[in-house]
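What the coordinates show
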Amino acid sequence: MRKNIVAGNWKMNKNLQEGIALAKELNEALTADKPNCDVVICTPFIHLASVTPIVDAAIIGVGAENCADKVSGAYTGEVSAEMVASTGAQYVILGHSERRSYYGETVEILEEKVKLALANNLTPIFCIGEVLEERQAEKQNEVVAAQLASVFTLSAEDFGKIILAYEPVWAIGTGLTATPEQAQDIHAYIRSLIAEKYGQEVAENCSILYGGSCKPSNAKELFANPDVDGGLIGGAALKVADFKGIIDAFK
Ligand code: 13P
């Protein structure tokens, strides 16, 4: 069965002490009032080893925001999927639009990253989504279909282990959100591509999250759509009240 998931992406925010405090506060809030969905926090690399032991793994999963496209060796400054897994983290965001646009991550690089994440038993949260000009030109379907090439070389079994996140770039950090109809339309299209490639059952079981200015006030109507299985949350994941407000959309 497909899971409902709310995942936070802290991006490059919070120093170590602040991150630990945020994780503790979230853990307390969700221990006191248990979520009705899976909850994941994806933190900067340096937080992972400190955050994993302080959250209840039955309630909160922990993930990285990226990993290297190489196994190990002379790649100064990089962090491998194996290193991420060794902290106790179980997830990794891959293909975020900020990585694609600022750090030149291509379909091919991302294919390597996804494979290495899976080889190290990490669950990739694989992001796709169009920029504003592409949406205005009504090219969003073509764009996401091309981005899915990174994961469409996986076996059906491996594809079944990944989570997808549709994040329209024009909605990220802008306060603009896709309407529930826009989200549902493209999520249904993404699911149809999965069904074409891997069959109906794999498509039905794949969680597809929405990301882009998701907040407590719009989460419920976004998640109410049949093909929207939760959210990937940026800014609102940095405050426990906001993040919990989004998690509570599933109550
Ligand atoms: P915002 O929620 O801040 O728009 O960011 C979304 C995002 O990029 C999550 O990965």
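What comes next is a walk through the structure.

The rules behind these values
- Residues numbered from 1 in each chain as written.
- Predicted model: local features only at pLDDT ≥ 70, side-chain atom pairs only at ≥ 80, totals over all residues.
- Heavy atoms only, no water.
- Near = heavy atom within 4 Å.
- Polar contact = N/O pair within 3.5 Å; in protein donor to acceptor, adjacent residues only side chain to side chain.
- Areas by Shrake-Rupley, 256 points an atom, 1.4 Å probe, with all protein chains shown as cover.
- Nonpolar A, V, L, I, M, F, W, Y, C, P; charged D, E, K, R; others polar.
- 1 Å grid on protein atoms, 1.4 Å probe; cavity = no way out; pocket = protein on both sides within 12 Å on 5 of 7 lines; lining within 4 Å.
- Points joined across faces, edges and corners; volume = space filled by probe spheres on them.
- Pairing = 2+ DSSP bridges.
- Helix = DSSP H or I, 4+ residues; strand = E, 2+ residues; numbered from the N terminus.
- Axes fitted to C-alpha atoms, helices over the stretch in contact; angles between N-to-C directions.
- Core = buried A, V, L, I, M, F, W, Y, C linked by side-chain atoms within 4.5 Å.
- Buried < 20%, exposed > 50% of the residue type's maximum accessible area, 1.4 Å probe, protein only.
- Contact = heavy atoms within 4.5 Å.
- Salt bridge = Lys/Arg side-chain N within 4 Å of Asp/Glu carboxyl O.

**What to know about the site of the ligand**
N9, K11, H96, E167, A171, I172, G173, G212, S213, L232, G234 and G235 make up every residue found near the ligand. One of the side-chain N or O atoms of E167 is found 2.9 Å from an oxygen atom in the ligand. Note that an oxygen atom of the ligand is positioned 2.8 Å from one of the backbone N or O atoms of G235. Against a free-state accessible area of 310 Å², the protein chains account for coverage of 95% of the ligand. Here the residues of the shell around the ligand are counted per class, giving three nonpolar, seven polar and two charged.

**Here we look at the layout of surface pockets**
Space inside the largest pocket adds up to approximately 500 Å³. Around the largest pocket, the lining comprises 19 residues; the ones closest to its centre are K11, M12, E65, R99 and Y103. Tallied by class, residues from the lining of the largest pocket come to seven nonpolar, six polar and six charged. Of the volumes computed, that of the second largest pocket is approximately 290 Å³.

**A look at the sheet that holds strand β2 (residues 38–43)**
With parallel pairing, the eight strands of this closed barrel are ordered in space as β1-β2-β3-β4-β5-β6-β7-β8. Shown here is a sheet whose adjacent strand axes are inclined to one another by a mean of 25°, direction ignored. The pairing of strand β5 (residues 123–128) with strand β6 (residues 163–166) spans four bridges and is parallel. Of the residues in β6, the one forming a bridge with F126 is L164.

**Concerning the nonpolar core**
Formed by 69 residues in total, the largest nonpolar core has its most connected members in F159, L164, I190, I194 and F223. Element by element, the count of residues in this core is highest for helix α9 (residues 180–198), at seven residues. Each residue touching L164, except ones within four places of it in the same chain, is listed here: F126, L148, F159, I190, I194, C206, S207, I208 and L209. In terms of nonpolar packing, the next biggest core, distinct from the first, is built from twelve residues, I5, I93, I125 and A165 among them.

**Notes on the pattern of salt bridges**
Counted under the stated rule, the structure contains 16 salt bridges. Of the charged contacts, one joins D38 and K3 as a salt bridge, the two residues approaching to 3.7 Å between their closest N and O atoms. Note that D38 is positioned in strand β2 and K3 in the segment before β1 (5–9), a separation of 35 residues in sequence. Note on D38: relative accessible area 28%, which makes it partly exposed. Each of the salt bridges in this network shares a partner with another, and the network as a whole consists of R2, R191, E204, D227 and D229.

**Regarding empty space enclosed by the protein**
The tally for this structure, following the rule as stated, stands at one cavity of 30 Å³ or more. If you trace the largest cavity, you find it lined by G95, S97, R100, C127, I128, G129 and E167. Of all the elements in the fold, those that place two or more residues in the lining of the largest cavity are α4 (97–102) and β5. The class makeup of the residues in the lining of the largest cavity is two nonpolar, three polar and two charged.

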